[in-house]
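Now for the letters of each chain:
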Amino acid sequence: MRDSDITLDRKALACILWTVTGDQIVSILHHMKKNGVEKQEYTLLAYFWMEMHPDRQIQVTEDGEHFEATGNEERLEELLAQISGDSLQRFLEKKQGARQKSASEIYHEAGVERQYWNSYIQGKTRKINKKDIIFKLAFGLRLDRWETSYLLHINGFAYPVPESFGKREAIILAAIENQEYDRAKLDEQLYRAGEETLFSGE
């Protein structure tokens, strides 16, 4: 049997991750890297594990050479919802709650129209088909790099990896990674680079 023939039910994957300890997940990540699994794939696994164990973190060096688990709250139901195909609404609800901001504050900070936000948060729209809206939501919700990557993923976009960055996407993701959520500053950087701005002209 070829590796490409092997599939795993999402619920089975979640149940497995639920029982995996910090030391075990680190060993798994090392094994995946050693066997040529792409970085965006094993970091996705790390993200899922951390979602299930929010009091623990996995540190990954920039070059992906070292993994270290630090710090087991059971959140199987939430993880199952997040890795299902219908998780946009729950993800946004969770992140809005984490920010402790009203809906109007979130969509104003994101530069997203109210009717669009309402459609997402009420589950009427299950997929966002424009990357720019996802990047705007990342600003409004103050998402980090992995959360932004995950939001892209659940909306059907490939995980952004440095090798695939265009100049514009690299600038936007760098701002998110550095937690620089200043919209005017980002648009100035994009403009100076000769790229289309993200927020200007809303």
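No experiment lies behind these values; they were computed from the predicted model shown.

Draft legend 1. Up close: the overall build of the chain. When you go through the chain residue by residue, the secondary structure sums to 11 helices and 2 strands. The order of helices and strands in the chain, counted from the N terminus, is α-α-α-β-β-α-α-α-α-α-α-α-α. Taking all 202 residues of the chain together, the buried fraction comes to 42%. Summing over all exposed atoms, the chain offers an accessible surface of approximately 11,600 Å²; the carbon and sulfur share of this is 46%.

Draft legend 2. Summary view of the packing of helix 6 (residues 103-110) against helix 8 (residues 131-140). Close contact between helix 6 and helix 8 brings their axes to 7 Å; oriented N to C, the two are set at 125°. Judged by the angle between their axes, helix 6 and helix 8 are oblique. Note that helix 6 runs across helix 8; the crossing there is right-handed. Contact with helix 6, carried on its side by Ile106, Glu109 and Ala110, involves Lys136, Leu137 and Gly140 of helix 8 and no other residues of that element. Classifying every residue of the contact of helix 6 with helix 8 by side-chain character gives 3 nonpolar, 1 polar and 2 charged.

Draft legend 3. Up close: the environment of Thr148. Mapped onto the secondary structure, Thr148 falls in helix 9 (residues 145-154). Sequence spacing of Thr148 and Ile134 is 14 residues, and the spatial spacing of their C-alpha atoms is 7.7 Å. When near neighbours in sequence (up to four residues on either side) are disregarded, Thr148 contacts Phe135, Ala138, Leu143, Leu173 and Ile176. A distance of 2.8 Å separates the side chain of Thr148 from the backbone oxygen of Asp144, its partner in a polar contact.

Draft legend 4. Examining unusual backbone geometry more closely. In this structure, Gln100 takes a positive phi of about 55° despite not being glycine. Summarising the element assignment, Gln100 is placed in the loop between helix 5 (88-99) and helix 6. Exposure remark for Gln100: the relative accessible area of 72% places this residue in the exposed category. For Arg142, which is not glycine, the phi dihedral falls at a positive 55°. On the secondary structure map, Arg142 appears in the loop between helix 8 and helix 9.

Draft legend 5. Summary view of the environment of Glu196. Along the polypeptide, Glu196 turns up in the segment after helix 11 (183-192). On the basis of relative accessible area, Glu196 is assigned to the exposed category, the value being 56%. For the pair Glu196 and Arg168, spaced 28 residues apart in sequence, the C-alpha to C-alpha distance is 7.5 Å.

Draft legend 6. Spatial organisation of the nonpolar core. If you look at the biggest cluster of nonpolar residues, it comprises 48 residues, and the most contacted ones within it are Leu92, Leu137 and Leu186. Looking at this core, the element that brings in the most residues is helix 3 (residues 39-52), giving 8 residues. Excluding anything up to four places from it in sequence, Leu186 contacts Phe139, Ile171, Ile172, Ala175, Leu198 and Phe199.

Draft legend 7. Layout of helix 2 (residues 22-34). The terminal C-alpha atoms of helix 2 lie 18 Å apart, and with 13 residues this matches the ideal 18 Å at 1.5 Å per residue to within 8%. Listed as buried for helix 2 are Gly22, Ile25, Val26, Leu29 and Met32. What you see down the axis of helix 2 is that its buried residues fit within an arc of 125°, all on one side. For helix 2, the exposed residues lying more than 90 degrees away from the buried face are Asp23, His31 and Lys34. Backbone geometry just after helix 2 places Gly36 at a positive phi near 80°.

Draft legend 8. Representation of the pattern of salt bridges. According to the stated counting rule, one finds 8 salt bridges in the structure shown. Of the charged contacts in the structure, one is a salt bridge between Glu180 and Lys185, with a shortest N-O distance of 4.0 Å. Among the residues examined, Lys185 registers a relative accessible area of 39% and is labelled partly exposed. The shortest N-O distance in the salt bridge between Arg192 and Glu188 comes to 3.1 Å. One end of the pair, Arg192, and the other, Glu188, are both in helix 11, 4 residues apart, so they sit about a helical turn from each other. Using a relative accessible area of 67% as the deciding quantity, one classes Arg192 as exposed. Among the charged side chains, a salt-bridge network with shared partners connects Arg99, Lys101, Glu109 and Arg142.

Cut-off values and rules
Residues numbered from 1 in each chain as written. Predicted model: local features only at pLDDT ≥ 70, side-chain atom pairs only at ≥ 80, totals over all residues. Heavy atoms only, no water. Helix = DSSP H or I, 4+ residues; strand = E, 2+ residues; numbered from the N terminus. Buried < 20%, exposed > 50% of the residue type's maximum accessible area, 1.4 Å probe, protein only. Areas by Shrake-Rupley, 256 points an atom, 1.4 Å probe, with all protein chains shown as cover. Axes fitted to C-alpha atoms, helices over the stretch in contact; angles between N-to-C directions. Parallel < 35°, antiparallel > 145°, perpendicular 65-115°, else oblique. Left-handed = near helix turned anticlockwise from the far one by under 90°. Contact = heavy atoms within 4.5 Å. Nonpolar A, V, L, I, M, F, W, Y, C, P; charged D, E, K, R; others polar. Polar contact = N/O pair within 3.5 Å; in protein donor to acceptor, adjacent residues only side chain to side chain. Core = buried A, V, L, I, M, F, W, Y, C linked by side-chain atoms within 4.5 Å. Expected span 1.5 Å × (residues − 1). Arc of directions from axis to C-beta. Salt bridge = Lys/Arg side-chain N within 4 Å of Asp/Glu carboxyl O.

As far as function goes, none of this settles anything; it's purely spatial.
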